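Residue-level structure breakdown
The lines below spell out each chain.
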Amino acid sequence: AGLVEGLVGSRVTIAGRANKPLASSSLHLERQSPQSMTLTDSGRRFRVEFVIEEPGPSWYWFELVDEHGLAEPDPPRYELRGIADRPPVVYIDEPATDLTVTPTAALPLRVIARDDLGLTALRLRHTDAVVPPLATGETSETASPEISGAETVPLTMSASGSAEEDVQTLWQLGPLELLPGNRLTYWVEAVDACDIGTKPGEPPGQVGTSARRHFDVISESDKQRELARSEERRVGKECRSRWSPYH
């Protein structure tokens, strides 16, 4: 009883009734200064609001003083659990690796994203600019998703607010007017429904970022030669695996 649990940044309202009139009342949060509570109904009702500021468990308790100045010397403590909301998890399932493409290719794309509060948007980002390497200790998932000059392509979701999305589509590269020799870096961003802690003027939602992938643009003839070489290697490998000196 008395457990309060919520996301960090959540506003909590507690209201109660005392069995006798109170002269004063205050809320105590662990590692914070006491907070006066509002008294109504001739001191019999109290009310207070506070914000969950830290993740993890802590304690809260009430200091209630009656009209005669009497207070509980050791008031009961209740648990307060702050939950840190994490950005969505998103990754590019297909293509699985970097690859080469032709200027007019239709690239099969499969994106999987998850979030406990629900997803509100998925977007494909891409740029032909040189993307700086990640800083020490930084990963694609923790890097700032904003890269100057990157283009955005919205991805169609099954439903806004869903906890998981599995999006499969064909990325038509023709409209990008790519030329052989171009190199594109691309990734996917997922936005969740969390609006806690959003500053005025900022769009709500935390952004999760997939690992960055690349593709190099080559001509149709070069692609045909690449496919032919790949087929030759495949056939040669099968022949070697079937060959035996005892045949």
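Described below are features of the structure shown in this document. Every value quoted in this text rests on a predicted model; they were computed, and no experiment measured them.

Bringing unusual backbone geometry into the picture now. Note: most residues except glycine have negative phi, and most peptide bonds are trans. In this structure, the amide linkage connecting Glu94 to the following residue, Pro95, adopts the cis form with an omega of 0°. Here Pro95 is to be found in the loop between β9 (89-94) and β10 (99-101). A positive phi angle is found at Asp41, which is not glycine, with a value near 55°. Turning to its location among the elements, Asp41 is positioned in the loop between β5 (38-40) and β6 (45-51). If you check the backbone angles, Ser42 has positive phi at about 55° while not being a glycine. Here Ser42 lies in the loop between β5 and β6. Given the relative accessible area of 68%, Ser42 is considered exposed.

Within the secondary structure, Pro103 is located in the loop between β10 and β11 (106-114). Separated by 114 residues in the primary sequence, Pro103 and Val217 place their C-alpha atoms 6.2 Å from one another. What Pro103 contacts, discounting residues up to four positions off in sequence, is Leu173, Gly174, Leu178, Pro180, Val217 and Ile218.

Across the sheet, which stays open at both edges, the five strands sit in the order β1-β8-β7-β3-β4 with mixed pairing between neighbours. A single partner strand is all that each edge strand has here, and the edge strands are β1 (4-7) and β4 (35-36).

Applying the stated criterion across every chain, the model contains seven aromatic pairs. With a centroid separation of 6.3 Å and 55° between ring planes, the pair formed by Phe62 and Tyr78 is classed as tilted. One end of the pair, Phe62, is in strand β7 (residues 56-66); the other, Tyr78, is in strand β8 (residues 78-83), with 16 residues separating them in the sequence. Look at Phe62 and you get buried, because its relative accessible area is 16%. An aromatic cluster is present here, built from Phe46, Tyr60, Phe62 and Tyr78 joined pairwise through their rings. Here Arg77 stacks its cationic end above the ring of Trp61, 3.8 Å away from the centre of that ring.

Let us now look at the nonpolar core. In this structure, Leu122, Trp171, Tyr186, Val188 and Phe215 are the most contacted members of the largest nonpolar core, which totals 23 residues. Those elements that place two or more of their residues in this core are β9, β11, β12 (119-127), β14 (164-172), β15 (183-192) and β17 (213-217). Once residues lying within four places of it in the same chain are set aside, the contact partners of Trp171 are Ala105, Ala106, Leu107, Leu124, His126, Leu176, Leu184, Tyr186 and Phe215.

With that settled, the discussion passes to the sheet that holds strand β2 (residues 11-17). Spatial strand order, β2-β6-β5: three strands in an open sheet with antiparallel pairing. Unpaired on one side and paired on the other, β2 and β5 mark the two borders of the sheet. Shown here is a sheet whose adjacent strand axes are inclined to one another by a mean of 20°, direction ignored. Note: β5 against β6, three bridges, orientation antiparallel. Residue Thr38 lies in a different strand from β6, and its bridge partner there is Arg47.

This paragraph deals with the environment of Trp61. On the secondary structure map, Trp61 appears in strand β7. Residue Trp61 is classed as buried on the basis of its relative accessible area of 15%. In this structure the C-alpha to C-alpha distance between Trp61 and Gly2, which are 59 residues apart in sequence, comes to 9.5 Å. Not counting residues within four places of it along the chain, the set of residues in contact with Trp61 comprises Ser26, Leu27, His28, Glu30, Pro75, Pro76 and Arg77.

The next thing to look at is the side chain of Thr127. Within the secondary structure, Thr127 sits in strand β12. Its relative accessible area of 3% is what places Thr127 among the buried residues. Within the local environment of Thr127, its side chain forms a polar contact with the backbone nitrogen of Ala129, the two atoms lying 3.0 Å apart. Contact partners of Thr127, with chain neighbours within four places excluded, come to Gly149, Ala150, Arg183, Leu184, Thr185 and Trp187.

Here we come to the environment of Val89. Of note, Val89 is situated in strand β9. Sequence-wise, Val89 and Arg114 are 25 residues apart; in three dimensions their C-alpha atoms are separated by 5.3 Å. Non-local contacts of Val89, meaning those with residues more than four positions away in its chain, are made with Ile112, Ala113 and Arg114.

Criteria and thresholds
- Residues numbered from 1 in each chain as written.
- Predicted model: local features only at pLDDT ≥ 70, side-chain atom pairs only at ≥ 80, totals over all residues.
- Heavy atoms only, no water.
- Helix = DSSP H or I, 4+ residues; strand = E, 2+ residues; numbered from the N terminus.
- Buried < 20%, exposed > 50% of the residue type's maximum accessible area, 1.4 Å probe, protein only.
- Contact = heavy atoms within 4.5 Å.
- Pairing = 2+ DSSP bridges.
- Phe/Tyr/Trp six-rings, centres within 6.5 Å; stacked < 30°, edge-to-face > 60°.
- Lys NZ or Arg CZ within 6 Å of the ring centre and 35° of its normal.
- Core = buried A, V, L, I, M, F, W, Y, C linked by side-chain atoms within 4.5 Å.
- Axes fitted to C-alpha atoms, helices over the stretch in contact; angles between N-to-C directions.
- Polar contact = N/O pair within 3.5 Å; in protein donor to acceptor, adjacent residues only side chain to side chain.

None of this, on its own, says anything about what the molecule does.
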